[in-house]
Amino acid sequence: MKKILFILLCLCLFGCQDYKDKTPKQEIKKELSSLQLSQRGGIGIWGGEGNENGYYTIHTTNEDIRYITYYDYQTLQEIALCQKPECQHKDTSCSAFIEGRPPFICTYGNYVYLIENNGFAFNALGEKSQVARITQMNLDGSHRQTLFEAENGYEFHTRDICFDDENIYIVMYKNERIETNLDYMLTVTKDEYLYKINIETKEVTKLMDMSHKVIKGVDDRMIIFEEFVYKEDPQTYIDKKDFKGYERIMKNSDLYNGTIHVDTLEVESKKSKNKDGGSYYKNKYYYMKDNILYCFNLKSEKEEKIMSFPKEGIYGDNGRSSFIDDYYIIDEWKDEETYKTSYCISLKDYSKKELTQKIKKRNEPMRILAQTDKELLVVYDAEGQNEKTWAGTMQFNETKQYIGLISKEDYFNNKKTFKEIKILGD
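Residues numbered from 1 in each chain as written. Predicted model: local features only at pLDDT ≥ 70, side-chain atom pairs only at ≥ 80, totals over all residues. Heavy atoms only, no water.

This next bit is on the nonpolar core. Core analysis: the biggest nonpolar cluster contains 20 residues, and Tyr 113, Ile 115, Ile 134, Phe 156, Ile 168 and Ile 170 have the highest contact counts within it. Those elements giving two or more residues to this core turn out to be strand E7 (104-108), strand E8 (111-122), strand E9 (128-138), strand E10 (145-149), strand E11 (154-156), strand E13 (167-179) and strand E14 (185-198). In contact with Ile 134, other than residues within four places in its own chain, are Tyr 113, Leu 114, Ile 115, Gln 145, Thr 146, Leu 147, Phe 148, Phe 156, Ile 168, Ile 170 and Ile 197. Tyr 70, Cys 87, Cys 94 and Met 137 belong to the second largest nonpolar core, which has 18 residues in total. (Core = buried A, V, L, I, M, F, W, Y, C linked by side-chain atoms within 4.5 Å. Buried < 20%, exposed > 50% of the residue type's maximum accessible area, 1.4 Å probe, protein only. Helix = DSSP H or I, 4+ residues; strand = E, 2+ residues; numbered from the N terminus. Contact = heavy atoms within 4.5 Å.)

Have a look at this one:
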């Protein structure tokens, strides 16, 4: 009887084990968020970037000392991004201190990122050198750490940086300076690739050759790019030192529109029917041609005439910061140096409205630094005076900027309802 029970028990156990082995194993994949393209913009060449609660930037003192600060939208104060009590923010003991050339600042999710093309590093001999580096820190400035350091000689394209919940997507390249038989040195970009950097594991993945390509926008999990395709390979002219031939080839290219899906790495690229490029927004390009505003739809590949502008003006935009919700901001200039006015064009009904507010002493349009859901952070006024330069031209020497928040509704209705940010040192 015991022997029969033992055999039955073994059959049950093996039967259960066999059932488990045959159960399909489903790999659960986390669905990553849509890509977000950095909307960095603002003061100085390095600019800054914000979220719904504030704006991160670089503060420069009268002694030319630089450190990271935060414009708090709740308190309307500029705050040093440092956790040390009584800190003077004057050296590397401060987590907000910036040594050398200022980095570009981006923010996404729970982190602030410093993108440096000329950061300092030390080799095995203790010698200081400059490297390209990505530094990560918490939103309050704590836990500042190096996320990625490039090989010597490589740099980042700091304008076109994309994020999702787990990765940074950034283009790295290497420049080579070549002595020519002409009266200048030729700078050629080499080894230009799109990389994915995981923010947790720090794993780096090469995704795509970005030679002669420019990132224009994102659409869900795809990166939108423009590609300049040449009749011949420009490198062949460099190899045989035919630099005039190289110049000729570089001036003659066809424009292609392309996408890369960052998960499948599927790439699509085809010759564009739009030869004018333009500013990208929601699968469309907007551009001026003969003082007429056009829209080119990437999906339908059709060009649409939106409206005409006076022929005596010069018109332009400020790239990505020119789009506020579904409005497109265009500036009009009398000439290359004299600002006249700005317009907002509704991309829903193509109505046009003049924007009359400007930085009066500079005679420039208000500068949009960042957007939230309902407000804009802007430079709305300035103090200073015009001074003659060594070349005999006049230049505005700015001594103070007025930065503040304004609701999008008031901005579009030309109302001067600014909530001024109290800047450190004022």
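With that settled, consider the packing of aromatic side chains. We describe a pair of aromatic rings using the distance from one ring centre to the other and the angle between the two ring planes. Inspection of every chain in the model, using the stated rule, returns 19 aromatic pairs. When the ring of Tyr 55 is compared with that of Tyr 71, the centres are 5.5 Å apart and the planes differ by 35 degrees; the resulting orientation is tilted. Pair noted here: Tyr 55 is in strand E3 (residues 54-60) and Tyr 71 is in strand E4 (residues 66-72), with a separation of 16 residues, a long-range link. Each member of the pair, Tyr 55 as well as Tyr 71, carries the same accessibility label: buried. Each ring, one from Tyr 327 and one from Phe 412, has its centre 4.5 Å from the other, and the planes form 35 degrees; the classification is tilted. Of this pair, Tyr 327 sits in strand E26 (residues 327-333) while Phe 412 sits in helix H4 (residues 408-412), placing them 85 residues apart in sequence. Under the relative-accessibility criterion, Tyr 327 is labelled partly exposed at 32%. Stacked on the ring of Phe 309, the Lys or Arg Lys 352 has its end atom at 4.7 Å from the ring centre. Positioned above the aromatic ring of Tyr 402 is the side chain of Lys 400, whose terminal nitrogen or guanidinium carbon lies 4.7 Å from the ring centre. (Phe/Tyr/Trp six-rings, centres within 6.5 Å; stacked < 30°, edge-to-face > 60°. Lys NZ or Arg CZ within 6 Å of the ring centre and 35° of its normal.)

With 88% of its residues at a pLDDT of 70 or more, the chain has an overall mean of 86. Here helix H1 (residues 2-22) stands out as the least confident element of the chain, with mean pLDDT 39; strand E34 (residues 419-420) is the most confident, with 97. Below a pLDDT of 50 lies the segment residues 1-29, which in the model reaches zero contacts outside its immediate sequence neighbourhood of four places, other chains included. (pLDDT = per-residue confidence, 0-100.)

Attention now goes to the pattern of salt bridges. Taken as a whole and assessed by the stated rule, the structure comprises 19 salt bridges. Between Arg 133 and Glu 116 there is a salt bridge, with the nearest N and O atoms lying 3.3 Å from each other. Taken together, the positions of Arg 133 in strand E9 and Glu 116 in strand E8 put the pair 17 residues apart, joining distant regions of the chain. Where Glu 176 meets Lys 190, a salt bridge forms, and the shortest distance between an N and an O atom there is 2.6 Å. Taken as a pair, Glu 176 in strand E13 and Lys 190 in strand E14 lie far apart in primary sequence, 14 residues in all. Shared partners join several salt bridges into a network, and the residues in it are Arg 362, Glu 364, Arg 367 and Glu 398. (Salt bridge = Lys/Arg side-chain N within 4 Å of Asp/Glu carboxyl O.)

Right, let's get into the sheet that holds strand E22 (residues 292-297). The strand order across the open sheet built from four strands is E20-E21-E22-E23, with neighbouring strands paired in antiparallel fashion. Whereas interior strands pair on both sides, the edge strands pair on one side only; in this sheet they are strand E20 (279-281) and strand E23 (302-308). Strand-to-strand twist in this sheet, taken as the mean axis angle between neighbours without regard to direction, amounts to 25 degrees. Here E22 pairs with E23 via six bridges, running antiparallel. Opposite Ile 292, over in E23, you have Ser 308 as the bridge partner. (Pairing = 2+ DSSP bridges. Axes fitted to C-alpha atoms, helices over the stretch in contact; angles between N-to-C directions.)

For the α-helix, the turn length of 3.6 residues means that residues three or four positions removed from each other point alike. Along helix H3 (residues 243-250), the residues classified as buried are Phe 243, Gly 245, Tyr 246 and Ile 249. Buried residues along H3 cover an arc of 150 degrees about the axis, so they all sit on one side. Structurally, H3 contributes buried residues whose contacts are with E13, E14, strand E17 (222-230) and helix H2 (234-239). (Arc of directions from axis to C-beta.)

What follows is about the layout of surface pockets. Approximately 670 Å³ is the volume found for the second largest pocket. In this structure, the second largest pocket is lined by 20 residues; those nearest its centre are His 59, Thr 60, Gln 401, Ile 423 and Leu 424. Mapped by element, the contributors of at least two residues to the lining of the second largest pocket are E3, E4 and strand E33 (394-407). Residue contributions to the lining of the second largest pocket peak at five residues, all from E33. (1 Å grid on protein atoms, 1.4 Å probe; cavity = no way out; pocket = protein on both sides within 12 Å on 5 of 7 lines; lining within 4 Å. Points joined across faces, edges and corners; volume = space filled by probe spheres on them.)

This brings us to unusual backbone geometry. Phi angles above zero are rare outside glycine, and His 89 is one such case at about 60 degrees. Within the fold, His 89 resides in the loop between strand E5 (77-80) and strand E6 (97-98). For His 89, a relative accessible area of 12% gives the class buried. A positive phi angle is found at Lys 241, which is not glycine, with a value near 60 degrees. Along the chain, Lys 241 turns up in the loop between H2 and H3.

Sheet architecture is open: four strands sit in the order E31-E32-E33-E34, paired in antiparallel fashion. The strands lining the two open edges of the sheet, one partner per strand, are strand E31 (367-371) and E34. Note that E31 and strand E32 (residues 375-388) share four bridges and pair antiparallel. Within E32, the position partnered with Ile 368 by the bridge is Val 378.

Following the criterion strictly, the structure yields zero disulfides and no others. Looking at the unpaired Cys 87, the closest cysteine sulfur is the one in Cys 94, lying at 3.7 Å. (Disulfide = S-S within 2.5 Å.)

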